[in-house]
Amino acid sequence: MEDRIRLITHQGKRILLVDISNCSAADVLNISRMVPHYVMPEPRGSVLLLADFTGAQFDRDAITSLKESAVFDRPHLKKSAWVGTENLPRVFYEHIKSFSQRELPTFKTREEAMDWLVKDE
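A short tour of the structure in this document, coming up. The structure presented is a predicted model; accordingly, all values stated were derived computationally and were not measured.

Some thoughts on helix H3 (residues 90-100)
Right, so step 1: What H3 keeps buried is the set Tyr93, Ile96, Lys97 and Ser100. The arc that holds every buried residue of H3, seen down its axis, measures 95°, which confines them to one face. Seen from the buried face of H3, the exposed residues on the opposite side, beyond 90 degrees, are Val91 and Ser98.
Right, so step 2: Looking at the packing, one finds that the buried side of H3 touches helix H2 (60-73), strand S4 (77-83) and strand S5 (106-107).
Right, so step 3: Downstream of H3 by a residue or two, Gln101 has a phi angle that is positive, lying close to 55°.

Side note on the packing of H2 against H3
The description of two packed helices rests on the angle between their axes and on the distance between the axes.
Right, so step 1: Remark: H2 packs on H3, axes separated minimally by 8 Å, with the N-to-C direction vectors making an angle of 30°. Classified by the angle their axes make, H2 and H3 are roughly parallel. Judged by the sense of rotation from one axis to the other, the crossing of H2 with H3 is right-handed. Contacts between H2 and H3 involve Ile63, Leu66, Lys67, Glu68, Ala70 and Val71 from the former and Phe92, His95, Ile96, Phe99 and Ser100 from the latter.
Right, so step 2: Among the residues making up the contact of H2 with H3, the classes are represented as seven nonpolar, two polar and two charged.

Rules behind the numbers
Residues numbered from 1 in each chain as written. Predicted model: local features only at pLDDT ≥ 70, side-chain atom pairs only at ≥ 80, totals over all residues. Heavy atoms only, no water. Buried < 20%, exposed > 50% of the residue type's maximum accessible area, 1.4 Å probe, protein only. Helix = DSSP H or I, 4+ residues; strand = E, 2+ residues; numbered from the N terminus. Arc of directions from axis to C-beta. Contact = heavy atoms within 4.5 Å. Axes fitted to C-alpha atoms, helices over the stretch in contact; angles between N-to-C directions. Parallel < 35°, antiparallel > 145°, perpendicular 65-115°, else oblique. Left-handed = near helix turned anticlockwise from the far one by under 90°. Nonpolar A, V, L, I, M, F, W, Y, C, P; charged D, E, K, R; others polar.

Spelled out as structure tokens, the structure:
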């Protein structure tokens, strides 16, 4: 599962990719629990994070874990972008945003999201 979280480079900038694409709800839960271990050691306000949910499945436990990770990560993130949220019910997306007190912009493609993340860097 740890290969699902890795640093990538886009236009010379480091982005932490959290690839949850085509994962079961159990995998979403496990991966989301690992994200803070990658983010929290980084300086506050420094991390560009891209989460790809394309084709992922969700259940209540997975959503709860996403909410918790979003809160732990918040101080360390500079910007975050989500891709592939079509399978994530809108009510859950809004609940995660509200609970974490974060903006979670969504994009249709990884490329669009990465371009947005590095813009004005």
